[in-house]
Amino acid sequence: MSDAVAATLQSTLGQIRVVSLEDGKAVIEYEVGPQMCHSGGVAQGGFVCGWIDAAMAHASISLMPEMTPMSLELKVSYFAPARPGRVTAEGWIERRGRATCFAEGRLLDPEGKVLAKASSTIRLIPRDAVEAAAKKALS
């Protein structure tokens, strides 16, 4: 058994900082490390998806911090490879209802080139209910 502390989601994704978070929009910087890449030094697509998904979730939280976003559907289109170095994920809410919102996002390289775009349908669940369910599951 190891005494190692588990990595956080943010550190696993290589999050550097949340650049902005307001009015249904979020911008997050990530560092693409070689451990995230497969052959040819290209970031694995799951990381690209995760970066944009996180930005879209943060965008929903900026509007409704009392709600926990849960992805119901997620579509990603990949245009160019993400390579080691800095990338920026942007997410925004296109439309919001009481229990669901529709988000879009994209991943940019340092020069502003769009590497991927995504859209998501997000279920909004009261944070208290999510935390209570998590406690119950652990007991």
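The structure presented is a predicted model; accordingly, all values stated were derived computationally and were not measured.

Quick look at the environment of Pro84
The residue Pro84 is located in the loop between strand E5 (67–78) and strand E6 (85–96) in this model. Taking the C-alpha atoms as reference points, Pro84 and Gly41, 43 residues apart in sequence, are found 7.0 Å from one another. In this view, Pro84 contacts Val32, Cys37 and Gly41; residues no more than four positions away in its chain are not counted.

Observations concerning the sheet that holds strand E8 (residues 114–126)
Taken in spatial order, the 6 strands line up as E1-E2-E6-E7-E8-E5 in an open sheet, and their pairing is antiparallel. Both outer strands of the open sheet, strand E1 (15–22) and E5, are each paired with one neighbouring strand and no more. Each strand axis lies, on average, 20 degrees off the axis of its neighbour in the sheet, ignoring direction. Here 6 bridges tie E1 to strand E2 (residues 25–32), and the two strands are oriented antiparallel to one another.

Regarding the environment of Ser20
You can see Ser20 is positioned in strand E1. A relative accessible area of 26% places Ser20 in the partly exposed class. Dropping the residues within four chain positions of it, Ser20 is found in contact with Lys25, Ala26 and Val27.

Here's the deal with the nonpolar core
Ranked by size, the top nonpolar core spans 32 residues in total, and within it Tyr30, Val48, Trp51 and Leu107 carry the most contacts. Of all the elements in the fold, those that place two or more residues in this core are E2, helix H2 (45–63), E5, E6, strand E7 (100–108) and E8. Element by element, the count of residues in this core is highest for H2, at 8 residues. Setting aside its immediate chain neighbours within four residues, Leu107 contacts Val48, Trp51, Ile52, Ala82, Val87, Thr88, Ala89, Lys113, Val114, Leu115 and Ala116.

Reading the values: rules and limits
- Residues numbered from 1 in each chain as written.
- Predicted model: local features only at pLDDT ≥ 70, side-chain atom pairs only at ≥ 80, totals over all residues.
- Heavy atoms only, no water.
- Helix = DSSP H or I, 4+ residues; strand = E, 2+ residues; numbered from the N terminus.
- Contact = heavy atoms within 4.5 Å.
- Pairing = 2+ DSSP bridges.
- Axes fitted to C-alpha atoms, helices over the stretch in contact; angles between N-to-C directions.
- Buried < 20%, exposed > 50% of the residue type's maximum accessible area, 1.4 Å probe, protein only.
- Core = buried A, V, L, I, M, F, W, Y, C linked by side-chain atoms within 4.5 Å.

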